[in-house]
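Residue-level structure breakdown
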Amino acid sequence: MTLRETAPKLPPEQYEKNFAEISPRMTPRQAAVEAARCLFCFDAPCAMACPTHIDVPSFIKKISTDNLRGSARVILEANILGHSCGRVCPTEVLCEGACVMHEKEEKPIEIGRLQRYAVDYVLDRNIQLFRAGAPNGKRVALIGSGPASLACAAELAKLGYRTTIFDRNGLPGGLDTYGIAAYKLRAQDTQREVELVRGLGVEFRQKTTVGTDVTFAQLEKDFDAIFIGVGLGDTGPLKIPGEDLQGVVGAMQFIEPTKVRPFAQLTIGRRIACIGAGNTAIDVVTAAKRLGAEIVHLIYRRGEHEMSAFHYEYDLAKLDGVRFHWHAQPLRILADAAGNVAAIECLRTRTESGSDSKKKRSQIAIIAGSEFQLEVDMVVRAIGQEPVTSFVRAVQGIAVRENGTIAVSERFQTGNAKYFAAGDCVNGGKEVVDAVAEGMAAARGIDAWLESPRGKN
Amino acid sequence: MSDLSVNFCGLRSPNPFWLASGPPTNTGGQVMRAFDAGWGGAVWKTIGDPIQNTSSRYGAIDLNGVKMMGLNNIELISDRPIAINLAEISAVKKRYPKHLVIASLMVESKRETWHDIVRRAEDAGSDALELNFGCPHGMSERGMGAAVGQVPEYTEMITSWAKEVAKTPVISKLTPNVTDITHIALAAERGGADAVSLINTINSLMGVDLETFAPRPNVAGKSSHGGYCGPAVKPIALHLLSSVAKRVKIPIVGIGGIGDWKDAAEHIALGASCVQVCTAAMHYGFRIVEDMADGLTAYMDDHAYRSTESFRGRAVPNVMDWGDLDLNYKIIAKIDAGLCIGCQLCYVACEDGAHQCIERAPQHNARGKQNPNGMEIHVPRIIEEECVGCNLCALVCPVHGCITMEEIHTGLPPMSWKQKTSRTT
């Protein structure tokens, strides 16, 4: 990719500073003080609010009693990705949003950080808390190695299944490895969690694309059930002129290198425009600023109150000095003589109904003659990833919904009884913790369908 | 404007706050700084034949991150020569004639030895004497301290020896490590004590290191029982104080778990003329007395108490035998739904730990308020006809004022267990 102007390189230590964890690991004393604040609610709202229903008061109590192994067990039994969830969950709208401390006009308990603190204890020491179940003679293949597959495979392994994960990427972990802002979660942290899953006997076949490297027919022959956890695909197109120019990339394409390559080796534009205002867009603009881009624009065709990014994500971008262009719709991307991105032209919009509610989307009207241009060297599309289900159409019986997601039953079984699916490819794109919850539920669904006998440990 | 000064056995104390005999009163330098900070009196670290201490000496219990809820020590009496202690008492009294210096004394249980130390302490200028009959550790193994205070006859005898020669008030300090402290208090009174002070520290072992099995405080992997004090012991001190206040006629000095003016006022309300403080000063330094004086003054002003005598002992008659309590007095719990945070701690406490009088909120019983997550807050319901008025729900509720205990008028006249049983027999 060639760019008209690139962002200046920063001193190596500056990159590390810029991408330092935004929520660092607690010290033992911090954890003790925070854990002591927890009221130990009965039938606690935090646990109810968690998609994986981690018994939050129980694991926090165990931190208070210095029983960190027990604390981690409580967390990981409910959510094998408890470490990354502790770091990337939007806790403000989940467990911490439900904390009764809000009603007490006190700060909610820092559940996410405490959770990470407890799980770090066992990850640091390679303590294997769980064992694979006694083999029940059944085999399950899992396609994709993101949170849904990892959770599903771990649960199945505990039940005695032989599980094999097939994944086209070099590293396991899916979106956790490749798509989450580096200041929240590094790829190597995800690999520590992957090792937990591998420790249960789950086999990983990386760089193996199902449909080409191995056929569905082969999987159907070798395995008793197949789980699909492929997440989402590329970011959708803007459908405007200039989209194919050098310097126009999708959000995942932009973020992925920040996760798997040294920051100093990355080349980005000096001025960058990001289209969209979801949480992924925030990941893009904050990464862009932290990599040294001088001017970063976020362009959104609706108003500030309609952006789908969480408040605290928006705050991150504001603190990073991102320029926000509300009510602006990209019209075309302009090139310089060399064919590189040089500017983006937008039109002002007006929301017709004026509704501030996120759920009730307003109508957008273009304001004629309101064109304006921003000089940029790079344009990043962050208007939502599209489902990547074309390949499952090759499998007979799997139904795909209108929006491209895979249709499943309550136990996450697809139209083809042998195939189960969960995570973003089913729910259209939610949190890591949702993928874990669904993956675990799918494991139980597979187990129920196969009616496997329980082996003896 | 109220006046904090106290007439104690004919002595004028600038206020009721004294430092107890202990590490904070080990030296003249400390005592003078304490007086500068505002303490009215100081009971000198117990004087006797110098001892040798161990290292370490103190152990503490923390609670939920709060440090030193309880403290214990295995430190003995002063490790400095008697002559040096007495010379420093003289020096302090010369510079602080209006403050009280009370010499705490502990010597061998010989009449002449006690006569000698009493004379020397008074010659040095002590305003009063406190006989240490309470030290529960170390010294008791040598036949002193609690070894005296646990036997009424010894307490009476040694008190009387001190009184034979003392010209200043004699305070006998009592140990709580007895079956009934009033027997000891009465023995001291019989022996002629001008006052008693209580409580000394409580026998304790602070804990065990689960890796080495060394008890705390650790002295080369071993430990010994020591004296327990600090905020945790106040309820024990208040009980023993009230029981002594009901029996003796001489003044009482309250000790045990006092860290602020409210603690001091409670001791005074249960009969104490003055109070002594040690752990809180060890924790935060002498400066704590400023708010003790300031807060007590404000309290007394608010209630138009001219002196501590205006409310001293007011709570004593309210401490009764259980058999005299009114069985027809009835309270039940009320939950303020507007304040409830939905933690369900009252529910689980009542259900598992008390009398099963609280119901989980049914789904429709949300109070219409939502947490930031959009979840409804469910307010538990008191089953009023079942509530026994035990207080537990109000005690566990983390929100101030959310659960209150409200009186239900039964229409029945007061009736105690004693009255009830005398009627039926």
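Residues numbered from 1 in each chain as written. Chains lettered and ligands numbered in written order. Predicted model: local features only at pLDDT ≥ 70, side-chain atom pairs only at ≥ 80, totals over all residues.

A few points about the sheet that holds strand S6 (residues 66-73) of chain B
By way of backbone hydrogen bonds, the strands of a sheet pair with one another, either parallel or antiparallel. All names here are of chain B. Ordered by their spatial adjacency, four strands build an open sheet running S5-S6-S14-S11, and the pairing between neighbours is antiparallel. Since the sheet does not close on itself, it has two edges, and those belong to strand S5 (58-63) and strand S11 (202-204), each with one partner. This sheet shows a mean twist of 45 degrees between the axes of neighbouring strands, independent of strand direction. As paired elements, S11 and strand S14 (residues 226-229) share three bridges and run antiparallel to each other. In the strand pairing of S14, Asn-203 is matched with Gly-227. (Pairing = 2+ DSSP bridges. Helix = DSSP H or I, 4+ residues; strand = E, 2+ residues; numbered from the N terminus. Axes fitted to C-alpha atoms, helices over the stretch in contact; angles between N-to-C directions.)

Regarding the domain arrangement of chain B
Along its sequence, chain B is carved into domain 1 (6-318) and domain 2 (323-424). Inter-centroid distance (C-alpha atoms) of domain 1 of chain B to domain 2 of chain B is 40 Å. (Domains from an automatic or database assignment.)

As for the domain arrangement of chain A
All names here are of chain A. Looking at the assigned domains, one finds that chain A contains domain 1 (26-124), domain 2 (139-231 + 388-450) and domain 3 (234-385). Between the C-alpha centres of domain 1 and domain 2 there is a distance of 27 Å. On the side of domain 2, 20 residues touch domain 1, which itself brings 14 residues to the contact. Top contributing element to the side of domain 1 that touches domain 2 by residue count: helix H6 (residues 82-88), with five residues. Partitioned by chemical class, the residues of the side of domain 1 that touches domain 2 number nine nonpolar, four polar and one charged. (Contact = placed C-beta atoms within 7 Å. Nonpolar A, V, L, I, M, F, W, Y, C, P; charged D, E, K, R; others polar.)

Observations regarding the sheet that holds strand S9 (residues 170-173) of chain B
All names here are of chain B. An order of S3-S4-S7-S8-S9-S10-S15-S16 is seen for the eight strands of this closed barrel, with the pairing classed as parallel. Across the sheet, the mean angle from the axis of one strand to that of its neighbour is 25 degrees, orientation sign disregarded. Of the pairings in the sheet, the one linking strand S3 (residues 17-19) to strand S16 (residues 272-277) comprises three bridges and is parallel in character. Within the sheet, the bridge partner assigned to Phe-17 lies in S16 and is Val-275.

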